[in-house]
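# A look at the structure
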Amino acid sequence: QVQLVESGGGLVQAGGSLRLSCVASGTIFSVNGMGWYRQAPGKLRELVADITSGGVTNYADSVKGRFTISRDNAKNTVYLQMNSLKPEDTAVYYCKTEGRDLRTPGWGILDYWGQGTQVTVSS
């Protein structure tokens, strides 16, 4: 099985920082990108940042210059360092990876999602 577990969310005041972590475990072989998405109340889920296995990153315009995504391929872990947080960053943040479950390789490459971690930024 494949499991993604996020951690690091919480309540922070505007201007503060949080660091999110996501660990993919189980019979997973991560391919292509790992990334972070977020969903605010009444909004669609949106891409925050993602990173390829080669380290190429991209960011939503709203977080450029404030957030940094990184990964440790050996640990199947992706991080999101969030600085200068704003109230509009408040959302549930989800980790995603594209990969294969090595127990069911015939299923091909699938998207795997974490359960989400709440980030709340107060004014």
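Residue numbers run consecutively from 1 along every chain, following the written order of its sequence. The predicted nature of this model means local features are confined to residues of pLDDT at least 70 and side-chain atom pairs, given and counted, to a pLDDT of 80 or more, with totals for whole chains, interfaces and linings taken over all residues. Side-chain metrics rest on all non-hydrogen atoms present in the structure, leaving aside hydrogens and water.

What follows is about the overall build of the protein chain. Secondary structure elements are taken from DSSP: a helix is a run of H or I of four residues or more, a strand is a run of E of two residues or more, and numbering for both begins at the N terminus. If you tally the helices and strands in the protein chain, you get zero helices and 11 strands. Radius of gyration here uses only the C-alpha atoms, and the compact-globule reference equals 2.2 Å multiplied by the residue count raised to the power 0.38. The C-alpha radius of gyration computed for the protein chain amounts to 14 Å, which stays within 12% of the reference 14 Å derived for 123 residues, consistent with globular compactness. Buried positions account for 40% of the 123 residues belonging to the protein chain. For the protein chain, the computed accessible surface area is about 6300 Å², with 51% contributed by carbon and sulfur atoms. In summary, the charge assignment counts Lys and Arg as positive and Asp and Glu as negative, without counting His or the chain termini. A single reference atom marks each charge: NZ on Lys, CZ on Arg, CG on Asp, CD on Glu. Mean positive and mean negative side-chain charge positions of the protein chain (12 and 10 charges, respectively) differ by 2 Å. Throughout this description, buried means an accessible area under 20% of the type-specific maximum (1.4 Å probe, protein chains only), exposed means over 50%, and partly exposed covers the range between. All accessible-area figures derive from a Shrake-Rupley calculation using a 1.4 Å probe, and residue coverage is judged against the displayed protein chains alone.

Any two cysteine sulfur atoms lying within 2.5 Å of each other are counted as a disulfide. Counted according to the given criterion, the structure contains one disulfide. Sulfur-sulfur distance for the disulfide between C22 and C95 comes to 2.1 Å. Judged by the sign of its S-S torsion, about -80°, the bond between C22 and C95 is left-handed. Remark: C95 occurs in strand β9 (residues 91-101) and C22 occurs in strand β3 (residues 18-26); sequence separation between them is 73 residues.

To continue, consider the environment of G55. Tracing the chain through its elements places G55 in the loop between β5 (46-51) and β6 (57-59). G55 gets classed as partly exposed once you look at its relative accessible area, which sits at 41%. Separated by 17 residues in the primary sequence, G55 and D72 have C-alpha atoms spaced 9.7 Å apart.

The next thing to look at is the packing of aromatic side chains. Put simply, two rings from Phe, Tyr or Trp (the six-membered ring, in Trp's case) pair if the centres are within 6.5 Å, and we call them stacked under 30 degrees between planes, edge-to-face over 60, tilted for the rest. Under the counting rule described, the total for this entry stands at one aromatic pair. Positioned over the ring face of Y94 is R45, at 3.8 Å from the centre of the ring. Placement of a charge over a ring requires the Lys NZ or Arg CZ to be within 6 Å of the ring centre, with the centre-to-atom vector within 35 degrees of the ring normal. In this structure, R45 is placed above the aromatic ring of W113, and the distance from its NZ or CZ to the ring centre is 4.7 Å.

Side-chain positions along a regular strand alternate between the two faces of the sheet. In terms of residue burial, strand β8 (residues 77-82) counts as a mostly covered element, since five of its six residues are buried. Pairing between two strands requires that DSSP report at least two bridges joining them. The pairing of β3 with β8 spans six bridges and is classified as antiparallel. The residue bridging L18 from the neighbouring strand is M82, located in β8. Alignment of strand β7 (residues 67-72) against β8, held across six bridges, turns out to be antiparallel. Residue D72 lies in a different strand from β8, and its bridge partner there is T77.

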